[in-house]
Amino acid sequence: MHKDKRLDADHYHPWHLKNLGRIKTKSQPLSEFIIHISGGATPLGAVYPEEGIPFLRVQNIMPNYISESGIKHLSPSQNQEILRSQLKKNDVLLTITGAYGKSAVVTDEFVGANINQHSVKMTVKNIVPYFLSTFLNCKYGYSQSTRHVVGITRPALDYSAIKSFLIPDLDRNFQEIIAEYCCQAEKSREDSKQRYIEAQTLLLAELGLADWKPKHRLTFVKNFSDTQHAERIDADYFQPKYDDIIDAIKSYSGGWDTVGNLTCLKDSKFNPEVETEYKYIELANIGSNGEVTGCMVEQGEDLPTRARRKVGTGDVIVSSIEGSLESIALITEEYDNALCSTGFHVVQPNVLNSQVLLVLLKSIVGQLQLKKGCSGTILTAINKDEFSKIAIPKIRDEKQTEIQEKVLESFHLRKRAKGLLEHAKRAVEIAIEQDEQAAIEWLVSVDIPHAHLQSQC
């Protein structure tokens, strides 16, 4: 029996043993590169405020970057309870529960943030942090994470085994080249975020809402006839801030109408064929700037029962669940004919182009109306009828074009970032399978030469 005291067949799968064999000759255990390793925690009775100290969960830690999508926050007092896991620059994160085996480096933006118990942070020495995270994300690192998963109902990476992971001791210059690719990817993501902000600024300025802030009022008066017409009696539905935003839309010089009249709502159910393979998009796959970050690929018989909406290029998918209303994305060619959860409204624009509709619904203009339309008790959501009533302005064509260009540029930059990270990951694999020089030559052949990269870290 192996020293890990494991008898399960998966632990000795030939794929894992083959991968280990390739890195054993020139490697050291991870413990040799760690100054400190610590798991996170969740404060007792945590209620997350709208703003505060970023609190990273598994869905925020992606392969070689940290996603802001759906990020939670802690108050200073909550953070004080779990201060030991507060993050420092260049800490290396690794997820250990759920979507285990994902690793990212802490950048300036997330210094002082914290993590929950489903991830660990490592302060490292004698190794370039971005190289380590890239290795952990490549097939040779991920294989070791998978090999040390324990548990049945909620599989998790064995915390005690992490220090024993074998890490290839590759040339420092090569490690720095990998870091340069990762930093360039980070720069492209930041530029992508900025282009999206510019698109949203153009839209709000066009509507005269650039500096508008919603005001939540504790007292206000409504007529009984208003409640009868709306068939609602909950006070939040009648908050004046909702009327304010709708009045602004209705006063737009280009005119306005409702989602139901200006778009096609694709709500018919699609029944997947049992033996056909499909891409499936769920809430966890939606990024903060309107992009689909990934998907599940399964045969029809293995898909969740909620995988019943078919999407096409140019569609906009909008989460119907309160608490995730900002999860809105544009379907690109990569996800044409994919399936998405019935928890999304699928919208095919008519008058507005897809990029403008995306920005509109993700902005305060759309978010307030989506929130207003939510109803229910156990699972609060906005149904089709309420969604159809959302007011949207008929943005003039020349302004639509400006907004569209910004969004397309944002998507292009994000795609470039993804490509740079994939190249870095593959280069690490080539260095293990052949040598560092072969990996560098491959990078030069598929991308800009590493000498032309300027580190942004």
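Report on the accompanying structure.

Definitions and cut-offs
Residues numbered from 1 in each chain as written. Predicted model: local features only at pLDDT ≥ 70, side-chain atom pairs only at ≥ 80, totals over all residues. Heavy atoms only, no water. Helix = DSSP H or I, 4+ residues; strand = E, 2+ residues; numbered from the N terminus. Buried < 20%, exposed > 50% of the residue type's maximum accessible area, 1.4 Å probe, protein only. Contact = heavy atoms within 4.5 Å. Areas by Shrake-Rupley, 256 points an atom, 1.4 Å probe, with all protein chains shown as cover. Salt bridge = Lys/Arg side-chain N within 4 Å of Asp/Glu carboxyl O. Core = buried A, V, L, I, M, F, W, Y, C linked by side-chain atoms within 4.5 Å. Pairing = 2+ DSSP bridges. Axes fitted to C-alpha atoms, helices over the stretch in contact; angles between N-to-C directions.

## Digging into the overall build of the chain
Inference 1: When you go through the chain residue by residue, the secondary structure sums to 13 helices and 23 strands.
Inference 2: Within the chain, the proportion of its 457 residues that are buried is 52%.
Inference 3: Sequence separation of at least 24 residues holds for 76% of the intrachain contacts in the chain that already meet a minimum separation of 6.
Inference 4: With the model as given, the accessible surface of the chain reaches about 21,800 Å², and the carbon-plus-sulfur share is 49%.

## Some words on the pattern of salt bridges
Inference 1: Scanning the model with the defined rule gives 27 salt bridges in all.
Inference 2: Its salt-bridge partner being lysine 139, residue glutamate 433 comes within 3.5 Å of it at the nearest N-O pair. Residue glutamate 433 is found in helix 12 (residues 397-433), and its partner lysine 139 is found in helix 4 (residues 139-147); the two are separated by 294 residues along the sequence.
Inference 3: Judged by its relative accessible area of 27%, glutamate 433 is partly exposed.
Inference 4: Of the charged contacts, one joins glutamate 176 and arginine 172 as a salt bridge, the two residues approaching to 3.7 Å between their closest N and O atoms. A residue pair is termed a helical-turn pair when its members lie 3 or 4 positions apart in one helix, as glutamate 176 and arginine 172 do in helix 5 (residues 172-206) at 4 residues.
Inference 5: Using a relative accessible area of 44% as the deciding quantity, one classes arginine 172 as partly exposed.
Inference 6: What you see here is one network of salt bridges that share partners, running through Glu68, Glu109, Glu190 and Lys193.

## Digging into helix 3 (residues 129-137)
For an α-helix, the turn length of 3.6 residues means that residues three or four places apart are oriented alike.
Inference 1: Counting buried positions along helix 3 gives 9 out of 9 residues, so the element sits mostly inside the fold.
Inference 2: Within the span of helix 3, buried status applies to Pro129, Tyr130, Phe131, Leu132, Ser133, Thr134, Phe135, Leu136 and Asn137.

## So, the nonpolar core
Within soluble globular proteins, side chains that are nonpolar tend to cluster in buried spots.
Inference 1: Counting residues in hydrophobic clusters, the biggest one holds 52 residues, and the most contacted among them are Met122, Phe135, Ile162 and Phe174.
Inference 2: Every element with two or more residues in this core is listed here: strand 2 (34-39), strand 7 (92-95), strand 10 (119-124), helix 3, strand 13 (166-168), helix 5, helix 12 and helix 13 (436-446).
Inference 3: Of the residues forming this core, the biggest block, 9 residues, is contributed by helix 12.
Inference 4: Within the second largest apolar cluster, 41 residues are counted, among which are Leu203, Leu330, Val359 and Ile392.

## Observations concerning the sheet that holds strand 15 (residues 263-265)
Inference 1: Read from one edge of the open sheet, 4 strands run 15-22-19-20, paired in antiparallel fashion. One side of each edge strand has no neighbouring strand; the edge strands of this open sheet are strand 15 and strand 20 (328-330). When strand polarity is set aside, the average angle formed by the axes of neighbouring strands in this sheet is 25°.
Inference 2: Here strand 15 runs beside strand 22 (residues 344-349); their pairing, made up of 3 bridges, is antiparallel. Within strand 22, the residue paired with leucine 265 across the bridge is valine 347.
Inference 3: Across the sheet, helix 9 (residues 354-362) is in contact with strand 15, strand 19 (316-319), strand 20 and strand 22; its angle to strand 20 comes to roughly 170°.

## Some details on the sheet that holds strand 21 (residues 339-341)
Inference 1: Pairing is mixed in the open sheet, where 4 strands are placed in the order 17-16-21-18. Two strands close off the open sheet at either side, each with one partner strand: strand 17 (296-299) and strand 18 (307-310). Recorded for the sheet is a direction-independent mean angle of 45° between the axes of neighbouring strands.
Inference 2: Two strands pair when backbone bridges link them, and strand 16 (residues 277-281) and strand 17 are joined in this way by 4 bridges, in the antiparallel orientation.

## Here's the deal with unusual backbone geometry
Inference 1: Here asparagine 90, not a glycine, exhibits a phi torsion of approximately 75°, which is positive.
Inference 2: Turning to its location among the elements, asparagine 90 is positioned in the loop between helix 2 (76-81) and strand 7.
Inference 3: Take asparagine 90: its relative accessible area is 34%, and that puts it in the partly exposed class.
Inference 4: Phi at asparagine 337 is positive, roughly 70°, even though this residue is not glycine.

Such coordinate-based values are descriptive only and should not be taken to indicate function.
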